[in-house]
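Chain by chain, the residues run as shown.
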Amino acid sequence: MSKLTIVFGVLLILTGAVAFVETGHHPHSFIPVGFGLLLAIFGGLANTDDAKKRMLFMHIAVTVGLLGFLGTLPGIIATVRRAAGQVVASPVHDAAIVQTVMGAICFVFVALCVRSFIAAR
């Protein structure tokens, strides 16, 4: 699971990099990069033979993923509103799309971690 955590961290880093280029170099597009770096770091730290340390770092990583998902809920809601036909201003729309992508990545990561934690019991 630690290698998968690193993969999800890299996905978030790439999401932030693409968002930075696509949104006209807006500094808020680095938010996914921060979460991605945290996931990659904790995934690397969890890649150990010590079961206690692995559990600790994976629980920290899933907490980071959960906070990443919860933080993107306003963007997900804005994307759903836009899809329902409501008018959303262009900068808000760009941010909402980035938040939706980040939220989807974090949600899948958290779901896989929960499934793994249940299976480990």
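Refer to the structure above for everything that follows.
All of the points below concern the structure found in this document. (Residues numbered from 1 in each chain as written. Predicted model: local features only at pLDDT ≥ 70, side-chain atom pairs only at ≥ 80, totals over all residues. Heavy atoms only, no water.)

## So, the side chain of T15
Stage number 1. With respect to the element layout, T15 can be found in helix α1 (residues 2-22).
Stage number 2. Of the residues examined, T15 reaches a relative accessible area of 14% and is grouped as buried.
Stage number 3. Among residues more than four places away in sequence, those in contact with T15 are P32, V101 and I105. (Helix = DSSP H or I, 4+ residues; strand = E, 2+ residues; numbered from the N terminus. Buried < 20%, exposed > 50% of the residue type's maximum accessible area, 1.4 Å probe, protein only. Contact = heavy atoms within 4.5 Å.)

## Topic: the environment of G24
Stage number 1. For G24, the location among the structural elements is in the loop between α1 and α2 (31-46).
Stage number 2. On the basis of relative accessible area, G24 is assigned to the exposed category, the value being 54%.
Stage number 3. Measuring from C-alpha to C-alpha, the distance between G24 and V108 comes to 28 Å, with 84 residues separating the pair along the chain.

## Things to note about the packing of helix α3 (residues 51-71) against helix α4 (residues 73-83)
Stage number 1. Between α3 and α4, whose axes approach to 5 Å, the crossing angle comes to 40 degrees. Of the possible angle classes, the one that applies to α3 and α4 is oblique. For the pair α3 and α4, contact is made by F69, L70 and G71 and by L73, P74 and I76, respectively.
Stage number 2. Class assignment for the residues of the contact of α3 with α4 results in 5 nonpolar, 1 polar and no charged. (Axes fitted to C-alpha atoms, helices over the stretch in contact; angles between N-to-C directions. Parallel < 35°, antiparallel > 145°, perpendicular 65-115°, else oblique. Nonpolar A, V, L, I, M, F, W, Y, C, P; charged D, E, K, R; others polar.)

## Things to note about α1
Stage number 1. Over its 21 residues, α1 runs 30 Å from end to end, which matches the ideal 30 Å to within 8%, given 1.5 Å per residue.
Stage number 2. Within α1 the residues assigned to the buried category are S2, T5, F8, G9, L12, T15, G16 and A19. Each buried residue of α1 sits inside an arc of 130 degrees when the element is viewed along its axis, so together they form one side. Pointing more than 90 degrees away from the buried face of α1 are the exposed residues K3, V18, V21 and E22.
Stage number 3. Once α1 ends, the next one or two residues include G24, with phi positive near 80 degrees. (Expected span 1.5 Å × (residues − 1). Arc of directions from axis to C-beta.)

## Things to note about the nonpolar core
Stage number 1. In terms of nonpolar packing, the biggest core is built from 16 residues, with F8, L12, L39, F42, A61, F109 and C113 touching the most fellow members.
Stage number 2. Contributions of two or more residues to this core are made by α1, α2, α3 and α5 (90-120).
Stage number 3. Looking at this core, the element that brings in the most residues is α5, giving 6 residues. (Core = buried A, V, L, I, M, F, W, Y, C linked by side-chain atoms within 4.5 Å.)

## So, a nonpolar patch on the surface
Stage number 1. Together, L66, L67, L70, L73 and I77 make up a nonpolar patch on the protein surface, roughly 420 Å² of accessible area in all.
Stage number 2. Those elements that provide at least two residues to the nonpolar patch are α3 and α4.
Stage number 3. Broken down by element, the nonpolar patch gets its largest block of residues, 3 residues, from α3.
Stage number 4. Along the chain, I77 falls in helix α4.
Stage number 5. Residue I77 is classed as partly exposed on the basis of its relative accessible area, which comes to 45%. (Patch = residues over 30% accessible without salt bridge, like charges linked within 9 Å, V, L, I, M, F, W, Y side chains within 5 Å. Areas by Shrake-Rupley, 256 points an atom, 1.4 Å probe, with all protein chains shown as cover. Salt bridge = Lys/Arg side-chain N within 4 Å of Asp/Glu carboxyl O.)

## Description of the layout of surface pockets
Taking a probe equal in size to a water molecule and rolling it over the atoms shows the remaining empty space.
Stage number 1. A volume near 330 Å³ is recorded for the largest pocket.
Stage number 2. Of all the secondary structure elements, the ones that give two or more residues to the lining of the largest pocket are α2, α3 and α5.
Stage number 3. Class assignment of the residues belonging to the lining of the largest pocket gives a composition of 9 nonpolar, 8 polar and 1 charged.
Stage number 4. Roughly 230 Å³ of volume is contained in the second largest pocket.
Stage number 5. Together, M1, S2, R54, M55, M58, H59, S116, F117 and A120 line the second largest pocket.
Stage number 6. Contributions of two or more residues to the lining of the second largest pocket are made by α3 and α5.
Stage number 7. Sort the elements by how many residues they give to the lining of the second largest pocket and α3 lands first, with 4 residues.
Stage number 8. Across the lining of the second largest pocket, the residue classes break down as 5 nonpolar, 3 polar and 1 charged. (1 Å grid on protein atoms, 1.4 Å probe; cavity = no way out; pocket = protein on both sides within 12 Å on 5 of 7 lines; lining within 4 Å. Points joined across faces, edges and corners; volume = space filled by probe spheres on them.)

Worth remembering: the numbers are spatial, not functional.
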